[in-house]
Amino acid sequence: MADSQPVVEHLDVLVIGAGLSGIGTACYVKKLLEAKKLAILESRGAAGGTWDLFRYPGIRSDSDLQTFGYEFKPWREKEAIADAPQILSYLRETAAEHGVDRDIRYHHRVVRASWSSSAARWTVDVERTDTGERVQLSASWIFSAAGYYRYDEGFTPKFEGRDQFRGTIVHPQHWPEHLDYTGKRVVVIGSGATAVTLVPAMADDAEHVVMLQRTPSYVLPIPRRDRIANALQRFLGAERGYAITRRKNIGRMRTIYWLCRRYPNAARRFIKRQIRKQLPTGYPVDKHFTPPYDPFDQRLCMVPDGDLFRCVADGRASIVTDRIATFTPSGIRLESGQEIEADVVVTATGLNLQAFGGIELTVDGVPTHLSDTVTFKGMMLSGIPNFTYALGYAHSSWTLKIGPVSEHFSMLLDHMDTRGHEICRPMLADPLMPRRPLMALSSGYVRRSVNQLPHQGDRRPWTSSVDLRGDVALLRKSGVVDPALHFSKAAVPAKAQVPQEG
């Protein structure tokens with residue numbers, strides 16, 4: 001059995017992933033639970049997660065860093081919309097300031113975790129990605145900050161005739177370090193955030209860039225710099241100015257989301273008006289920028305200073321809305337019969353989802369099927385003890401969720417220590433409760449994987465909040481005790497567990 005195998009060391013809290021979520025969580029835990037022994041396991045050789053992995057031209061955040069950054073760490077750059085090097089610098093500076101950088105163990109990939117109720121701990125199998133060595137740890141708690149997509153592969157649909165294309169085909173998730181597209185004809189397949197970032201970035205050096213999309217996305221121009229934020233920091237100081245700007249931007253995003261969902265037709269007209277201001281008179285905005293769904297059914301694409309529209313307006317790039325019939329030796333032929341010549345094709349066609357880094361979970365010898373579980377307070381899973389995760393917001397800054405979840409997690413561990421509990425397990429009393437997808441998006445990458453992910457219920461605490469206001473009420477203003485949360489000591493069989501108050 002897993003818990004009889006030799007264990008190298010025991011940790012109080014094992015954090016999986018050294019990206020924005022993992023480092024943020026570790027900072028909170030170290031501050032609020034100083035005595036806990038903590039380690040962050042990172043499968044790659046550097047911290048940063050997404051922002052270190054992706055190396056394609058122009059990579060940037062489409063959320064402002066006043067909300068994408070940590071609540072406790074002011075963003076001091078002039079640009080509110082930042083590129084990957086700026087975000088990495090901020091992230092690594094935060095880790096160093098809080099001593100979290102010393103807790104990261106690189107090239108450590110968690111393969112499986114096996115829970116033992118008799119020992120009240122996880123036995124964790126780890127593979128060293130640099131040496132191939134297998135090591136084992138034990139942990140009282142696992143906190144998954146591994147994100148929601150596969151780091152080793154992106155999604156590329158099957159394209160007819162791909163093998164006959166004589167040019168270069170690349171996926172943004174695996175960008176070649178020395179790819180030279182200077183003076184070449186480039187086609188970017190896709191219409192999401194990655195595509196609208198790549199097109200203006202590559203248009204500076206390419207002969208011409210075509211953004212080839214099957215279905216348009218909502219694209220909205222936003223300023224790269226927030227003049228109000230910069231003025232507030234200049235006159236009130238970094239900390240106060242950052243805090244006020246953060247509240248301002250959270251409120252603005254919440255209002256925009258509410259208005260778009262309440263008045264989708266008006267929102268659609270507003271977005272198209274903003275786009276028309278950026279493009280030449282008569283440009284077919286309806287054809288290229290009107291999706292067949294409402295705003296926020298999928299995430300809006302933000303373009304800083306309208307850079308996508310500028311390169312289309314000045315002829316360095318163009319947008320084609322059509323379906324691919326086949327690749328040809330010299331490019332792509334569309335279903336309409338049009339042919340696009342290309343030297344380089346970039347398949348910005350999305351991600352493959354993978355919950356919790358793809359680790360195998362077993363509880364008392366029984367494999368866990370994530371699709372059978374239901375989220376508890378948007379941070380734990382039904383039936384799985386001492387396991388917490390961070391999954392950010394789909395319609396606002398991802399990182400906003402990290403603070404409330406990490407604070408509630410710390411409160412929960414303190415509560416257990418104070419009362420002598422060792423095991424904490426959400427238990428679903430009504431197995432027939434209606435369920436819905438964990439991620440409320442209609443994006444292709446979500447639809448492809450929805451049956452592999454946990455679900456939500458139709459009532460609290462079995463739902464996942466969609467914005468910070470909901471999580472403040474649920475995680476910051478309410479206590480950790482809940483009738484659905486069962487506490488016990490080691491060696492107490494799961495069937496004998498009863499809810500314990502206080």
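Look up a bit, the structure's there.
Our subject in this report is the structure included herewith. (Residues numbered from 1 in each chain as written. Predicted model: local features only at pLDDT ≥ 70, side-chain atom pairs only at ≥ 80, totals over all residues. Heavy atoms only, no water.)

Helix and strand counts for the chain stand at 13 helices and 27 strands. The principal-axis extent of the C-alpha atoms belonging to the chain is close to 70 × 55 × 45 Å. Within the span of the chain, comprising 502 residues, buried residues form 55% of the whole. In the chain, the 64 positive side-chain charges and the 55 negative ones have mean positions that sit 6 Å from each other. (Helix = DSSP H or I, 4+ residues; strand = E, 2+ residues; numbered from the N terminus. Buried < 20%, exposed > 50% of the residue type's maximum accessible area, 1.4 Å probe, protein only. Lys, Arg positive; Asp, Glu negative; His and termini not counted. Charge placed at Lys NZ, Arg CZ, Asp CG, Glu CD.)

On to the nonpolar core. Grouped together as the largest cluster of nonpolar side chains are 133 residues, with contacts concentrated most on Trp122, Val188, Phe289 and Phe387. Leave out the neighbours within four places in its chain, and phenylalanine 289 touches Pro216, Ser217, Val219, Lys272, Ile275, Leu279, Tyr283, Leu308, Phe309 and Ile319. Of all hydrophobic cores here, the second largest spans 13 residues; its members include Val187, Ile189, Ile332 and Ala342. (Core = buried A, V, L, I, M, F, W, Y, C linked by side-chain atoms within 4.5 Å. Contact = heavy atoms within 4.5 Å.)

It is worth spelling out the pattern of salt bridges at this point. All told, the structure shown has 35 salt bridges when counted by the stated rule. The partner of aspartate 52 in a salt bridge is arginine 92, with the nearest N and O atoms 3.2 Å apart. Residue aspartate 52 is located in helix H2 (residues 50–53), and its partner arginine 92 is located in helix H4 (residues 84–97); the two are separated by 40 residues in the primary sequence. Put simply, arginine 185 and aspartate 343 hold a salt bridge, and the shortest N to O gap is 3.0 Å. On the criterion of sequence distance, the pair formed by arginine 185 in strand S9 (residues 185–189) and aspartate 343 in the loop between strand S16 (339–341) and strand S17 (344–347) is long-range, its members being 158 residues apart. Exposure remark for arginine 185: the relative accessible area of 26% places this residue in the partly exposed category. (Salt bridge = Lys/Arg side-chain N within 4 Å of Asp/Glu carboxyl O.)

Our focus in this paragraph is the sheet that holds strand S15 (residues 331–334). One open sheet holds the three strands; their spatial order is S14-S15-S16, and the pairing between them is antiparallel. Lying at the two open borders of the sheet, with one neighbouring strand each, are strand S14 (324–328) and S16. Sheet twist, expressed as the average angle between the axes of neighbouring strands with direction ignored, equals 20 degrees. (Pairing = 2+ DSSP bridges. Axes fitted to C-alpha atoms, helices over the stretch in contact; angles between N-to-C directions.)

Look at the link from arginine 460 to proline 461: it is a cis peptide, with omega at 5 degrees. Look at phenylalanine 356: it is not a glycine, yet its phi comes out positive at around 55 degrees. In this fold, phenylalanine 356 is placed in the loop between strand S18 (351–353) and strand S19 (360–363). We classify phenylalanine 356 as buried; its relative accessible area is 6%. Its identity as a non-glycine residue notwithstanding, asparagine 386 has a phi of 50 degrees, on the positive side. With respect to the secondary-structure elements, asparagine 386 resides in the loop between strand S22 (380–381) and strand S23 (387–389).

Further remarks concern helix H8 (residues 264–278). With 15 residues, H8 ought to run about 21 Å at 1.5 Å a step, and its terminal C-alpha atoms sit 22 Å apart, in line with that. Here H8 has its buried residues at Pro264, Ala267, Arg268, Ile271, Lys272, Gln274 and Ile275. An end-on view of H8 places all buried positions within 155 degrees of arc, on one side of the element. Those residues of H8 hidden inside the fold are in contact with strand S11 (219–222), helix H7 (238–262), helix H9 (285–289) and helix H10 (307–313). (Expected span 1.5 Å × (residues − 1). Arc of directions from axis to C-beta.)

What follows concerns the pairing of strand S5 (residues 121–128). Where strand S4 (residues 108–116) lies against S5, eight bridges are found, and the strand directions are antiparallel. Pairing of tryptophan 115 across the sheet is with tryptophan 122, part of S5. In textbook terms, the turn of a hairpin is the stretch between consecutive antiparallel strands, and for S4 and S5 this stretch comprises four residues, one of which, alanine 120, has a positive phi near 55 degrees. Across six bridges, S5 lies against strand S6 (residues 134–144) in antiparallel orientation.

Another aspect to go through is a nonpolar patch on the surface. The grouping of Phe235, Leu236 and Ile244 at the surface amounts to a nonpolar patch, some 280 Å² of accessible area in total. Of note, leucine 236 is situated in helix H6 (residues 227–236). Taking the relative accessible area as the measure of exposure, leucine 236 reaches 32% and is therefore partly exposed. (Patch = residues over 30% accessible without salt bridge, like charges linked within 9 Å, V, L, I, M, F, W, Y side chains within 5 Å. Areas by Shrake-Rupley, 256 points an atom, 1.4 Å probe, with all protein chains shown as cover.)

For threonine 245, the location among the structural elements is in helix H7. Among residues more than four places away in sequence, those in contact with threonine 245 are Gln66, Asp226, Ala229 and Leu232.

Relative to the helices and strands, valine 170 is located in strand S8 (residues 168–170). Valine 170 sits in the buried class, given a relative accessible area of 5%.

Let us look at the pairing of strand S10 (residues 208–213). A regular strand places its side chains so that they alternate between the two faces of the sheet. Burial of S10 is extensive: five of the six residues sit out of reach of the surface. Here S9 pairs with S10 via five bridges, running parallel. Paired with isoleucine 189 across the strands is leucine 212, a residue of S10. As for the winding sense of the linkage, the β-α-β connection from S9 through helix H5 (residues 193–203) to S10 is right-handed. Relative to strand S13 (residues 317–321), S10 runs parallel, the two being bridged by five bridges. (Right-handed = clockwise from strand over helix to strand, strands pointing away.)

As for its position among the elements, threonine 94 is in helix H4. Of the residues examined, threonine 94 reaches a relative accessible area of 0% and is grouped as buried. Aside from chain neighbours lying at most four places away, what touches threonine 94 is Cys27, Tyr70, Phe72 and Lys73.

Any two aromatic rings considered together are summarised by their centre-to-centre distance and by the angle between their planes. Scanning the model with the defined rule gives 19 aromatic pairs in all. For the ring pair tyrosine 257 and phenylalanine 296, a centre distance of 5.0 Å and an interplane angle of 75 degrees mean the geometry is edge-to-face. Taken together, the residues span a long stretch of sequence, with tyrosine 257 in helix H7 and phenylalanine 296 in the loop between H9 and strand S12 (301–304) at a distance of 39 residues. Judged by its relative accessible area of 3%, phenylalanine 296 falls in the buried class. Grouped by ring-pair contacts, the aromatic residues Tyr28, Tyr70, Phe72, Trp75 and Tyr90 constitute a single cluster. (Phe/Tyr/Trp six-rings, centres within 6.5 Å; stacked < 30°, edge-to-face > 60°.)

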